[in-house]
Amino acid sequence: PAASLPPSESLTRMNLLFTKFLVAFLDKDRPLVLFFDDVQWADRNSIEQIAQFCMSSSCQHVVILMAVRGEEIDNSQTWSNSIQKMQSTEHPIVKLMLQPLDPDDTFKMVSTCLGGLGQPSEQIIRFANHIHRQSGGNPFFAIQLVQSARETGLISFKIDEVTDVGQWQVDDRKMDSDQYHSVVELIQQKIQRISAEAQEVLSIMSCIGDTFNLETVMTTSNQDLAGLFPNIIELQTAGLIVPIINSPETPDFQVEINLKDTMDVQKARSYSFGHDRIQQA
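Residues numbered from 1 in each chain as written. Predicted model: local features only at pLDDT ≥ 70, side-chain atom pairs only at ≥ 80, totals over all residues. Heavy atoms only, no water.

Engineer: What is the right way to look at the nonpolar core in this model?
Structural biologist: The nonpolar side chains of soluble globular proteins are, as a tendency, buried together. Counting residues in hydrophobic clusters, the biggest one holds 45 residues, and the most contacted among them are F127, I155, M205, L235, L240 and I241. For L240, the residues in contact, after removing those within four places along its chain, are K190, I191, I194, L202, L235, S272, F273, G274 and I278. With 8 residues, the next largest nonpolar core counts F18, L32, F53 and V62 among its residues. (Core = buried A, V, L, I, M, F, W, Y, C linked by side-chain atoms within 4.5 Å. Buried < 20%, exposed > 50% of the residue type's maximum accessible area, 1.4 Å probe, protein only. Contact = heavy atoms within 4.5 Å.)

Engineer: Quick question: what am I supposed to make of helix α4 (residues 103-113) here?
Structural biologist: Three or four residues apart is the spacing at which side chains of an α-helix point the same way, because the helix has 3.6 residues per turn. By the burial criterion, the buried members of α4 are T106, M109, V110 and S111. Close packing links the buried residues of α4 with α5 (122-135) and α6 (139-152). Sitting at the head of α4, D102 places a side-chain oxygen 3.1 Å from the backbone nitrogen of D104. Phi for G115, located one or two positions after α4, is positive at around 110°. (Helix = DSSP H or I, 4+ residues; strand = E, 2+ residues; numbered from the N terminus. Polar contact = N/O pair within 3.5 Å; in protein donor to acceptor, adjacent residues only side chain to side chain.)

Engineer: Can you help me understand unusual backbone geometry in this one?
Structural biologist: One non-glycine residue, D38, lies in the positive phi region at around 55°. We classify D38 as partly exposed; its relative accessible area is 29%. Of note, the phi angle at H61 is positive, near 60°, even though the residue is not glycine. Looking at the secondary structure, you find H61 in the loop between α2 (44-55) and β2 (62-66).

Engineer: So what exactly am I meant to see when it comes to the sheet that holds strand β7 (residues 270-273) here?
Structural biologist: Within a beta sheet, neighbouring strands are joined by backbone hydrogen bonds and run either parallel or antiparallel to one another. Spatially, 3 strands are ordered β5-β7-β6 in an open sheet, and the strand pairing comes out antiparallel. Two strands in the sheet have a free side with no partner beyond their single neighbour: β5 (211-213) and β6 (241-244). Taken over all neighbouring pairs, the strand axes of this sheet differ in orientation by 30° on average, direction set aside. With 3 bridges connecting them, β5 and β7 associate as antiparallel partners. Within the sheet, the bridge partner assigned to N213 lies in β7 and is S270. (Pairing = 2+ DSSP bridges. Axes fitted to C-alpha atoms, helices over the stretch in contact; angles between N-to-C directions.)

Engineer: Looking at this model, I keep getting lost on the environment of G153. Mind explaining?
Structural biologist: On the secondary structure map, G153 appears in the loop between α6 and β3 (155-159). In the structure, G153 is positioned 17 residues away from V170 in sequence and 8.4 Å away in space, judged by C-alpha atoms. For G153, the residues in contact, after removing those within four places along its chain, are D171 and K174.

Engineer: Explanation requested: α5 in the structure shown.
Structural biologist: Taking 1.5 Å per residue, 14 residues should reach 20 Å; α5 reaches 20 Å between its end C-alpha atoms and fits that length. Turning to α5, its buried residues are I124, F127, A128, H130, I131, H132, Q134 and S135. Contacts from the buried residues of α5 go to α4, α6, β3, β4 (166-170) and α7 (172-177). At the exit of α5 stands G136, carrying a positive phi of roughly 65°. (Expected span 1.5 Å × (residues − 1).)

Engineer: I tried to follow a nonpolar patch on the surface on my own but got confused; where do I start?
Structural biologist: On the surface, V33, F35, V63 and L65 cluster together to form a nonpolar patch covering roughly 370 Å² of accessible area. Structurally, the position occupied by L65 is in strand β2. (Patch = residues over 30% accessible without salt bridge, like charges linked within 9 Å, V, L, I, M, F, W, Y side chains within 5 Å. Areas by Shrake-Rupley, 256 points an atom, 1.4 Å probe, with all protein chains shown as cover. Salt bridge = Lys/Arg side-chain N within 4 Å of Asp/Glu carboxyl O.)

Engineer: Would you mind showing me how to read the pattern of salt bridges here?
Structural biologist: Note that side chains of opposite charge can pair when their charged atoms are close. All told, the structure shown has 4 salt bridges when counted by the stated rule. Residue E151 is joined to K190 by a salt bridge in which the shortest nitrogen-to-oxygen separation is 3.9 Å. Here the residue E151 occupies a position in helix α6, and K190 occupies one in helix α8 (residues 183-192), the gap between them amounting to 39 residues. Assessed through its relative accessible area of 42%, E151 is described here as partly exposed. We classify K190 as buried; its relative accessible area is 6%. Put simply, R173 and D171 hold a salt bridge, and the shortest N to O gap is 3.8 Å. Look at D171 and you get partly exposed, because its relative accessible area is 21%. Within the structure, one salt-bridge network assembled from shared partners comprises E151, K190 and R193.

Everything listed is a geometric property; what it means functionally is a separate question.
In structure tokens, the structure reads:
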């Protein structure tokens, strides 16, 4: 075991080990790509650890991608200092600002969600324009709006009895009342449409963290796996949680559950939220 050190020396040792670990994967013939998502949630030590690696002379044959919400780190002194450190190295830093989808892109995405890019009906065009106005070009918001429209009956797929051809129909009256000010408000409405039992389990999950294993959820909710199964399936079907298949916390075990569709619950003992906004909601 490593010798016990004071906090500052222990952090330095950790940074050195982190660098050595990454260097072991670096090869000029096989460059390494590291992607860090939601960096705005990272703690100070993690950000500084990445900066220290970038400043290392061993930082070769690697591309580091970091996704961050700019508005949430603009006033972060830690982020600003780390960026300055990384800019002081010989490695170039490229900042890409992702812009909202334009109306044409939103229309293509909505059309794809509804089954293709053929000749659209006037209703679909109006619906796509409605999605763009509501979402402001935010892809995640737009997808959630389309899913919500299907769940609430704003759009429905109907087959003509004469031609036997199906097409999407839009309820214009519901579209007029389908108004959301933010993606969090939309997700809150979506959560309200699931059962009270599933809502309670989701609330427990949000208190545990952005990822969680079923053992912790079972202990916290005072339920066994058989009782928890229906709620897990309901939350996964609604897209509120997603399984982490083959996670390190996945033990080998089998449980007999009389359910038609277990949706890989037995394979994934760990889960995460479909999006961090879901935990926030």
